[in-house]
Amino acid sequence: MKQIIYKVPEGKLLRIHLESKDDIIVSVKIHGDFFLHPEECISQLEQCLIGSQILRQEIMQKIDTVLIQQSASMVGASSEAIADAILTEKTGLREILPGIYSWSYFNKEKGYTFNSYAFCFPEKTILIDPVEIPASQLEKLSTITDILLTNKDHERAAYELRRHLNAKIWIRDFDAQFLREPADVIFDEKTPLPGGFQAIPIAENKSPGETAFYDSARKILIVGDAIIGWPKKEVSLLPAIKYQDVQKTIAALSSLLHLEFDILFVGDGECIYDYPRKALERLLERKENIHLSFPVKL
Amino acid sequence: MKGRLLFTGARCAAENMAIDEALMESCRAESIPILRFYSWRPAAVSIGYFQGLEEEVDTHACRKKGVDIVRRITGGGAVFHHKEITYSIILPENRVPQNILESYAVLCGALVDCFKKLGLDARFVPINDIIVAGKKISGNAQTRRGGVLLQHGTILQDVDVDQMFELLKVPQEKMKGKIISEIKQRVTSLRHLGIYDEGKLIDLLKEGFEHAVQIPFEKSELSAQETEKAKELMISKFSSDHWISLR
């Protein structure tokens, strides 16, 4: 059972005790200093969430249905606040594989999460495409020495974290000129990267320097914007407008199939732990629904 | 119509909360508004209906210091009731706006009027606070059931934030020091504002509520039936472990 502490914007403090399995809520208790009239309705609110997927729309819909049925009103919290609090839990720092942590930011506009990764080694930790996170949450990891960026648009919270952690920012040569602040190390496909990652250049993509990182020992491929983890267990491309020639983009992505990878970590959307190469193959074979349109429908 | 004005003195936490609920029942039966003033002996911590006991309260420290613990029937946050004036106003729901925030504004308006008459720069800050010169002096909480509304609230006469946080927990224990110093900056009391005349303050509060709900309040006593009901609720509900650790 995890406890989520969430300050509702302009509202009260929620303390949610949540147990979930495979992103399905198994049990939940909603505590806090909010108001709900009638008060007893809280049990129904908690009950209605059991079995719900941890998806913003679904959580909100279930709570709103109970509030309407019971003619109940909530003050200082709302269905939206509870959904956001529960999603925070999904997006906070968590160990996704031994020694590999992830944290995310749910982008309401786009409708999916922006993910960041921390690969921990005994003497150092390497971050990839980090989104904002309280530095205190990273304290339990070994010293953070390097921040790898997959492309020019994934600067995210890299500069703030660099200032705070004194870590080096790495970017591919073609993208270096586009960064808001200079990188510390500009690499190309031959540069040895910290953590033993291999830089995999992705041609014909949204950014000229789009790069995937490959952990050959663990057979993990980490992509930035090259492919998006959406819908669940599938991958897609960003909207067509982001690319010069989609056919060339697709053709270039097929080079990824030369790599042996069992796990795909995505910068945007949902990671794939089962047969990610198959998902990529399906994308390359698809004639329709290749692209996302924002906001993606959950 | 005249409302009833009750002074029930200093009582233990469970009894205070039981009287509030018993008065709601009376009001439901008789539709007569009630304004009650009271205090707490021994000092007590009350927690909001939805709060987790162990999350909010250092129960061990409370026991050691002889501080009562009670769960309220209203939502809101944990409060240390020590040196304060506490009121409850109980009235048929249809006498205030149906909208919850608006009804807080009306009833808290009584407190704001009272402070203004004392020459203080007071203001209602939604959802349920009153601030004087930018600092919180009063917290309030409402519940509604069976067509009756109860709002109870506190006015701090004096405040000892350090003592308060020996009894209350904070969400991030590591940050406790910082949180305490921030709260010291954000909370004030009648003593800090140089207001010592409790009788005058209560008279002004009564006037404020009379103006807010447009009813005169006349001194009354708890009826035998109310006393009996309160006793029953105190034993069966408010002092029971089941209720206190409900969440």
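Reading the values: the criteria
Residues numbered from 1 in each chain as written. Chains lettered and ligands numbered in written order. Predicted model: local features only at pLDDT ≥ 70, side-chain atom pairs only at ≥ 80, totals over all residues. Heavy atoms only, no water. Pairing = 2+ DSSP bridges. Helix = DSSP H or I, 4+ residues; strand = E, 2+ residues; numbered from the N terminus. Axes fitted to C-alpha atoms, helices over the stretch in contact; angles between N-to-C directions. Contact = heavy atoms within 4.5 Å. Buried area = accessible area lost by both parts, 1.4 Å probe. Salt bridge = Lys/Arg side-chain N within 4 Å of Asp/Glu carboxyl O. Polar contact = N/O pair within 3.5 Å; in protein donor to acceptor, adjacent residues only side chain to side chain. Buried < 20%, exposed > 50% of the residue type's maximum accessible area, 1.4 Å probe, protein only. Arc of directions from axis to C-beta. pLDDT = per-residue confidence, 0-100. Core = buried A, V, L, I, M, F, W, Y, C linked by side-chain atoms within 4.5 Å. Expected span 1.5 Å × (residues − 1).

## As for the sheet that holds strand β13 (residues 198-201) of chain A
Residue and element names in this part refer to chain A.
Part 1: Taking strand neighbours across the sheet as the criterion, the 4 strands line up as β13-β14-β15-β16 in an open arrangement whose pairing is mixed. The sheet is open, and its two edges are formed by β13 and β16 (263-266), each paired on a single side. The average angle at which neighbouring strand axes cross in this sheet is 25°, direction not considered.
Part 2: Of the pairings in the sheet, the one linking β13 to strand β14 (residues 211-215) comprises 4 bridges and is antiparallel in character. Among the inter-strand pairings, Pro 201 is bridged to a residue of β14, identified as Thr 211.

## Side note on the interface of chain A and chain B
Part 1: Residue-level contacts link 22 residues of chain A with 25 residues of chain B.
Part 2: Roughly 1,900 Å² of surface becomes buried between chain A and chain B when both sides are summed, with 56% attributable to carbon and sulfur atoms.
Part 3: In this structure, the salt-bridge partner of Arg 15 of chain A is Glu 55 of chain B, at a minimum N-O distance of 3.4 Å.
Part 4: Applying the counting criterion to the chain A and chain B interface returns 13 residue pairs in polar contact (both at pLDDT 80 or more).
Part 5: Of all the secondary-structure elements, those providing two or more residues to the side of chain A that touches chain B are β1 (2-7), β2 (13-21), β3 (24-32), β4 (35-37), α1 (41-49) and β5 (73-75) of chain A.

## Comments concerning helix α8 (residues 276-285) of chain A
Part 1: Turning to α8 of chain A, its buried residues are Pro 276, Ala 279, Leu 280, Leu 283 and Leu 284 of chain A. Angular distribution of buried residues about the axis of α8 of chain A spans 140°; they occupy a single face of the element.

## Details of the confidence of the model for chain B
Part 1: When pLDDT is averaged along chain B, the result is 95, and 100% of the positions lie at 70 or above.
Part 2: This complex was scored by the predictor with a pTM of 0.73 and an ipTM of 0.95.

## Re the pattern of salt bridges
Part 1: Evaluation of the coordinates by the stated rule reveals 36 salt bridges over all chains.
Part 2: With a closest N to O distance of 3.2 Å, Lys 206 of chain B and Glu 210 of chain B form a salt bridge. With Lys 206 of chain B and Glu 210 of chain B both in helix α7 (residues 198-213) and 4 residues apart, this pair spans about one turn of that helix.
Part 3: Given the relative accessible area of 18%, Glu 210 of chain B is considered buried.
Part 4: Here the salt bridges share partners, and the residues they tie into one network are Lys 152, Asp 153, Lys 206 and Asp 225 of chain A.

## Observations concerning the sheet that holds strand β6 (residues 94-97) of chain A
All names here are of chain A.
Part 1: Within the open sheet, the 7 strands sit side by side as β6-β7-β8-β9-β10-β11-β12. Their pairing is mixed. The outermost strands of the open sheet, each flanked by one partner alone, are β6 and β12 (185-187). Across the sheet, the mean angle from the axis of one strand to that of its neighbour is 30°, orientation sign disregarded.
Part 2: When strand β8 (residues 112-120) meets strand β9 (residues 125-128), the two strands line up antiparallel, connected through 4 bridges. The residue of β9 that forms the bridge with Ala 118 is Leu 127.

## Notes on the nonpolar core
Part 1: Formed by 55 residues in total, the largest nonpolar core has its most connected members in Leu 14, Ile 16, Leu 36 and Leu 49 of chain A.
Part 2: Counting residues per element, this core draws most heavily on helix α1 (residues 13-30) of chain B, at 9 residues.
Part 3: In this structure, Leu 49 of chain A is in contact with Ile 25, Val 28, Ile 30, Ile 59, Lys 62, Ile 63, Ile 82 and Ile 86 of chain A, ignoring residues within four places of it in sequence.
Part 4: Among the nonpolar cores identified, the runner-up in size contains 54 residues, and Tyr 159, Ala 212, Ile 290 and Val 296 of chain A belong to it.

## Some points on the pairing of strand β8 (residues 129-132) of chain B
Residue and element names in this part refer to chain B.
Part 1: Neither face of β8 is left uncovered, since the one carrying Asp 129 and Ile 131 and the one carrying Ile 130 and Val 132 both have all their residues buried.
Part 2: Where strand β7 (residues 122-125) lies against β8, 4 bridges are found, and the strand directions are antiparallel. Across the sheet, Arg 123 pairs through a bridge with Ile 131, a residue of β8.
Part 3: The hairpin turn running from β7 into β8, its antiparallel successor, is 3 residues long.
Part 4: With 4 bridges joining them, β8 and strand β9 (residues 135-145) adopt antiparallel strand pairing. Looking at β9, one finds that Ile 130 is bridged to Ser 138.

## Some remarks on α7 of chain B
All names here are of chain B.
Part 1: End to end, α7 covers 22 Å across 16 residues, agreeing with the expected 22 Å (1.5 Å per residue, within 8%).
Part 2: Burial in α7 covers these residues: Leu 201, Ile 202, Leu 204, Leu 205, Gly 208, Phe 209, Glu 210 and Val 213.
Part 3: In this fold, the buried residues of α7 make contact with β1 (3-11), β2 (34-40), β6 (84-92), α4 (100-117), β10 (148-156) and β11 (217-219).
Part 4: The backbone nitrogen of Gly 199 lies 3.3 Å from a side-chain oxygen of the residue at the head of α7, namely Asp 197.

## Here's the deal with the pairing of β14 of chain A
Residue and element names in this part refer to chain A.
Part 1: Most of β14 sits out of view: 5 of its 5 residues are buried.
Part 2: Where burial is concerned, the two faces of β14 agree: the one with Thr 211, Phe 213 and Asp 215 and the one with Ala 212 and Tyr 214 are both buried.
Part 3: Note that β14 and strand β15 (residues 220-223) share 3 bridges and pair antiparallel. Looking at the pairing, Tyr 214 lines up with Leu 221 of β15.

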